[in-house]
Amino acid sequence: MDALLRAAVDRSFVVFLAGPSGIGKTVALTRWAAGATGPVAWVTLDNRDNDPRRLWPHVAAALGRATGDPGLESAIEGPDPGSDAYVAALADRIVAHKPHEPHEPRGPLDTRPVLILDEYEHIVERDIHDRLDLLTRICADRLTLVIAARSRPPIPVERLGPAGRLAVLSWTQLRFDHDEAHELFTDGYRLDLTHDDTRELLAATDGWASGLTLAAIRLRDGAAPDAVVAALHRGDPTTTDYLLDHVWRELDSEMREFVLETAVLPRFTVPLADAVRGRTDSADFVDRLRRDGLFLADTDGVLHYQRLFRRSLAQRLDTGDPERAGRLHRRAAHRHARHGRPEEAVEHALAARDHHLAADLLDRHFDHWFAAGHLVTLEQWLGALPDEAIVLAPRLHERALNLWCSLGRFDERDRWDRARRPGTERELHAANAWRLCLPRERGDFGSALRRSRALLAADERTLGIVWTQIRISVARTLLLAGRLGECVRLLTEIETARTDPPPPAPLRVTLHGLSGLAAHLAGDSAGARRRAAEVERALAECRNRPRPRAVPETVILRALLAPDPTPARPGDTPDGPDLLAALIDADPGLGNDRSMAVFASLLLARTLGERGDHTAARHRLAAADTLLARCPNPLGLIDLRDAVAAENHVHPDGPDPIGLHTAEPGREPLSERESTIAQYLRSDLTLREIAADLYISINTMKTHTRHIYRKLGITGRHDLLTPGLGRITPSPTPTHP
């Protein structure tokens, strides 16, 4: 800002600083004048200065004080102070002073004086405009006239433009840069801000001087920088009121309506403004805005308002006339859709609350946006659709569910699933397949397994890919619930089945990841590595590589099979435990998938412990305990937790160096069935519910329970919850065919 103004004054005969209140016109001139080397005459105007007999003597007196010639005003005798003759005499006196000779002392007018007329918007008399033109014509290169006003004054000085002697600075040139804003905060307001804080505040205000000043006042009053930035982004009331009261309401009524209606457009052209307004005169208003330097920027014909100004206008329109706001957004949406700009069309359709149009646009362009990697944008758009709109978008439904899984947004996936109304049997089973995930994700394995019965019995020939999805979901539940043998048998069934069409690459990624984990947990390291290789081949076939959070099995498997760490080099891609730790740390709940988050944390703790980092392992174990406490029926996850705790010498009251978690020597092991029942006994299910879930009678259930208590040396179910009991390990049985 300072450099631009300095260059403009040095090379120009007339400089206009045009723009609305608060853009920093006076601040910029004050900063420039403080460093000026020549004479500077400053006159601040008001409504009374529309009287030429009052104005021109003030101008002459200011020039006299600046140049060291205090008698300049009285020296102009004879002409009426409000006449052309008076202005001509004043100009002649300025011109009469010639540049000094090298051997003569420098006089006050030997450098070109600068006359600043601030707040010129108060001047409406045509004669004053014309006489300023006369002053510039006579003085030529012996005077620089600087005018600061809220709009471009009608002074006919365009003749100076082709010669490069006319400069017009609007809000885009008067914006603060980073160094100027930081100086304002640190020197002007004595604030202790980092350069990053300044950068964020500068971006939030677009360098607008008053916006920075208002932010500085809030910071001085104790507000945190990030809170001020957030308030500016969502529409700070103080800033909004200032812009509406001191900028928007000062416009004439027609211009107020134009900027209010076009504020619904983040960027626009003249034809777009015409289409949205339903008028054909937008070009005239745009020309006026350009001339007056209002908060409008022009980039090759694409226009946009200063962001805080546009947000303030849009808020006023939304609250004051929501029907008109919706109508304008709807017109914009249809025009963008017709002209091949679907992204802008979706934004306006959502703003207009035309959810049918938004869903239709998303349906038509979803695949393109998904392939281009715009997943977060799709997340925002789909999340904005209400439940009633979801019902009207059946074709979009399945792809939206895949997106929510890719992003780990299981809450949104469940909302879409509940809102959907399945029609065919296949659609009903597909909906049930999604619902099957919910109890498992929340750590309620008992409910998840009960819900899976009917789905497992469905005919694969009528379900196709849904059949595979259901079984993979059940296999994941069995793996996390500690029922490893059943998990392996189901995964084998999925792989040997000849489905039409065969499972796509993303499903095969999950399938091989689960099989690899099952092999690893069963001690089959070679099988786990073969599965890891299959995972990589399936990933290579994916059109869009799934995000790690969508396929945590693969990340966990890679971490378990990673070689011992070597010293990291700059630029190395994190692998193994580092990659798994990054996945967990980025989202400790893995997108609401609580059970998988516990499983990942426990296996990470085990891997860290095996590498000797028991401190880090204990930290991961503590994080898993926090999540595990919120799982209603975690079944085998408790056994896995106790096993990892024992491996890392963790006791309920601290380290366990003497191995209290170790099973007593000579204890009779549990059978596989007894181990499964013991896991259920750690849940809050009744004995009758457990018996029904396992397809056994209540009497058989009671018999198994007595045997479990005897073998473990305990007296009741409450003892099964004791952390020091140790892992419930069944008798060795083959788990792989």
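You'll find the structure just up there.
Below you will find a few notes about this structure. (Residues numbered from 1 in each chain as written. Predicted model: local features only at pLDDT ≥ 70, side-chain atom pairs only at ≥ 80, totals over all residues. Heavy atoms only, no water.)

## Comments concerning the environment of Leu 115
- If you trace the backbone, Leu 115 turns up in strand S3 (residues 114-118).
- With 72 residues separating them in the primary sequence, Leu 115 and Val 43 have C-alpha atoms 7.8 Å apart. (Helix = DSSP H or I, 4+ residues; strand = E, 2+ residues; numbered from the N terminus.)

## Some points on helix H17 (residues 322-338)
- A rise of 1.5 Å per residue sets the reference length of H17, with its 17 residues, at 24 Å; its end C-alpha atoms lie 24 Å apart and thus fit the reference within 8%.
- The complete set of buried residues in H17 reads Arg 324, Ala 325, Gly 326, Leu 328, His 329, Ala 332, Ala 333, Arg 335 and His 336.
- Contacts made by the buried residues of H17 are with helix H13 (253-262), helix H14 (270-277), helix H16 (307-320), helix H18 (342-351) and helix H19 (355-371).
- Gly 340 sits one or two positions beyond H17 and adopts a positive phi of about 75 degrees. (Expected span 1.5 Å × (residues − 1). Buried < 20%, exposed > 50% of the residue type's maximum accessible area, 1.4 Å probe, protein only. Contact = heavy atoms within 4.5 Å.)

## Focus: the side chain of Thr 262
- Within the element layout of this structure, Thr 262 appears in helix H13.
- Residue classification places Thr 262 among the buried positions, given a relative accessible area of 1%.
- Only 2.8 Å separates the side chain of Thr 262 from the backbone oxygen of Phe 258, close enough to count as a polar contact.
- Discounting residues that sit within four places of it in the chain, Thr 262 has contacts with Phe 268, Ala 273, Arg 277 and Tyr 305. (Polar contact = N/O pair within 3.5 Å; in protein donor to acceptor, adjacent residues only side chain to side chain.)

## A short note on the nonpolar core
- Core analysis: the biggest nonpolar cluster contains 75 residues, and Ile 556 and Phe 599 have the highest contact counts within it.
- Element by element, the count of residues in this core is highest for helix H33 (residues 594-610), at 10 residues.
- Leave out the neighbours within four places in its chain, and Phe 599 touches Leu 479, Leu 480, Leu 517, Leu 521, Ile 556, Leu 637 and Leu 640.
- If you look at the next biggest cluster of nonpolar residues, it comprises 68 residues, including Ala 204, Val 229, Phe 268 and Leu 303. (Core = buried A, V, L, I, M, F, W, Y, C linked by side-chain atoms within 4.5 Å.)

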